[in-house]
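One-letter residues, chain by chain:
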Amino acid sequence: MEKEIIGWIYEAAEKVKSGLGDALKVDQKNGRTDLVTNVDKEVQDFIVKKIHDYDPKALILGEENGQDDTPIDKGRVFVIDPIDGTLNFVMQQENFCIMIAVYEEGVGQLGFIYDVMRDELLWGGPKVGKVYNNKEELSAPENKSLSEGLIGMNAALYRKDLFHAQEIGQTSMGIRVLGCAGLDFVAILKGTQIGYVSMLSPWDYAAGTIMMEQLGMTVIGENQQPLSFKGREFFIGATQAAMAEIQAISKANH
Ligand code: 2AM
Ligand code: CA
Ligand code: CA
Ligand code: CA
């Protein structure tokens, strides 16, 4: 299955790159900074068609095209974020990625995050027992504490100081705001960030979560509960040491 998925991702990436050369059709979703383009929708449709040619019974949970409320817990579910970092895609023509995850009966089996412009594919999970950066196997990052590393954050969360984001940031070596959830996961998987604190939907965190857990790191959702896979929620993903410190900060301030 993983070979097929990697093939679809590379093919989709070619469409994305040629889409960048054409005039993008950009629409607003919820306000002037929440955008969707024709490429987001076309890439999702393309991947969904490939999935259904491969497995007609597979279910789809995807950000675009009205496929955003499929339950995760029954059957084989493909979770798709066709372009993660759409605002970067429109404004920078880089720093965006394609993400796919596969869940079977609610268990994450495979995650894929493809940084299209850097040609960097992080993929893996329980189905293959490993995580790869292109062809190279990744080893588990060092279990660094919050004060030893950089932490990714959502800008609004930091500015409004929700969930004690500012104290978390000040305890760390510094915050990073990448505008693309997938790239925060890539940084964590490579060991250049110790965590990520944000407000995310299932397609934002599915692939990254599967690979983080494969490498011994942890994630939690709203109210220190497991991720719900329903709608947008508070998200923390971190090394085990940093997660304990972040949770201690949250509890101390309650
Ligand atoms: P997207 O580009 O696929 O929408 C930006 O901070 C990051 O958070 C991107 O990965 C973006 O994914 C994601 N995100 C999740 N919910 C968002 C929202 N309501 N508005 C903007 N970005 C959102
Ligand atoms: Ca979006
Ligand atoms: Ca996204
Ligand atoms: Ca998206």
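Please read these numbers as outputs of a predicted model, since none were measured by experiment.

Draft legend 1. Quick look at the packing of helix α6 (residues 181–190) against helix α7 (residues 202–214). Running from N to C, α6 and α7 point in directions that differ by 5 degrees, and their axes come no closer than 9 Å. What the angle tells us is that α6 and α7 run roughly parallel. Of α7, the residues touching α6 (which contributes A181, F185, I188 and L189) are D204, Y205, G208, T209, M211 and M212. For the contact of α6 with α7, the residue count by class is seven nonpolar, two polar and one charged.

Draft legend 2. Structural detail: the coordination of the calcium ion (ligand 4). On the protein side, the calcium ion (ligand 4) has E63 (OE), D81 (OD) and I83 (O) as donor atoms, found 2.2 to 2.3 Å from it. For the calcium ion (ligand 4), the donor residues sit on a single chain with the sequence spacing E-x17-D-x1-I. Separating the calcium ion (ligand 4) from the calcium ion (ligand 2) is a gap of 4.0 Å, bridged by E63, which donates to each. When sorted by exposure, D81 lands in the same class as I83, which is buried.

Draft legend 3. Structural view of the site of ligand 1. Around ligand 1, the structure places E63, D81, I83, D84, G85, T86, G179, C180, A181, M199, D204 and R232. One of the side-chain N or O atoms of E63 is found 3.2 Å from an oxygen atom in ligand 1. Within the side chain of D81, one N or O atom sits 3.3 Å away from an oxygen atom of ligand 1. For ligand 1, the accessible surface in isolation is 480 Å², of which the surrounding protein chains cover 76%. Per element, the largest residue contribution to the shell around ligand 1 is three residues, and it comes from strand β4 (residues 76–84). Residue classes in the shell around ligand 1 are distributed as four nonpolar, three polar and five charged. Here the shell around ligand 1 spans two domains, and each of domain 1 (2–137) and domain 2 (146–252) adds at least three residues to it.

Draft legend 4. Here's a closer look at the sheet that holds strand β3 (residues 59–62). With respect to topology, seven strands assemble into an open sheet ordered β3-β4-β5-β6-β7-β8-β9, the strand pairing being mixed. The open sheet is flanked by β3 and β9 (136–137), the only strands paired with a single partner. Sheet topology note: the strand β8 (residues 130–133)/β9 ladder contains two bridges and is antiparallel. By the bridge assignment, N133 is partnered in β9 with E136. Along the sheet, α7 contacts β3, β4, β5 (97–104), β6 (107–115), β7 (120–125) and β8; its crossing angle with β6, the most-contacted strand, is approximately 105 degrees.

Draft legend 5. Focus on the UniProt feature "binding site: Mg(2+)" (unreviewed entry) in the protein. Taking the UniProt record as the reference, the feature "binding site: Mg(2+)" (unreviewed entry) is found at E63, D81, I83, D84 and D204. These residues run over 142 residues, yet every pair of their C-alpha atoms falls within 10.1 Å of each other. Locating D81 in the fold gives a position in strand β4. Residues within four places of D81 in sequence aside, it is in contact with E63, C97, I98, M99, W203 and D204.

Draft legend 6. Spotlight on the packing of aromatic side chains. Considering all chains together, one arrives at 13 aromatic pairs under this definition. Residues W8 and F78 carry aromatic rings whose centres are separated by 6.3 Å and whose planes lie at 45 degrees to one another, so their mutual orientation is tilted. One end of the pair, W8, is in helix α1 (residues 2–21); the other, F78, is in strand β4, with 70 residues separating them in the sequence. Note on accessibility: W8 and F78 belong to one class, buried. Seen from their ring centres, F185 and F235 are 5.6 Å apart, and the 70 degrees between their planes marks the pair as edge-to-face. Here F185, found in helix α6, pairs with F235, found in strand β14 (residues 233–238); they are 50 residues apart in sequence, far enough to count as distant. Take F185 and F235: they sit in the same class, and that class is buried.

So, how was this worked out
- Residues numbered from 1 in each chain as written.
- Chains lettered and ligands numbered in written order.
- Predicted model: local features only at pLDDT ≥ 70, side-chain atom pairs only at ≥ 80, totals over all residues.
- Heavy atoms only, no water.
- Axes fitted to C-alpha atoms, helices over the stretch in contact; angles between N-to-C directions.
- Helix = DSSP H or I, 4+ residues; strand = E, 2+ residues; numbered from the N terminus.
- Parallel < 35°, antiparallel > 145°, perpendicular 65-115°, else oblique.
- Contact = heavy atoms within 4.5 Å.
- Nonpolar A, V, L, I, M, F, W, Y, C, P; charged D, E, K, R; others polar.
- Donors = N, O, S within 2.8 Å, 3.2 Å for Na, K, Ca; no water.
- Buried < 20%, exposed > 50% of the residue type's maximum accessible area, 1.4 Å probe, protein only.
- Near = heavy atom within 4 Å.
- Polar contact = N/O pair within 3.5 Å; in protein donor to acceptor, adjacent residues only side chain to side chain.
- Areas by Shrake-Rupley, 256 points an atom, 1.4 Å probe, with all protein chains shown as cover.
- Domains from an automatic or database assignment.
- Pairing = 2+ DSSP bridges.
- UniProt positions renumbered as here; feature names shortened; annotations may be inferred.
- Phe/Tyr/Trp six-rings, centres within 6.5 Å; stacked < 30°, edge-to-face > 60°.

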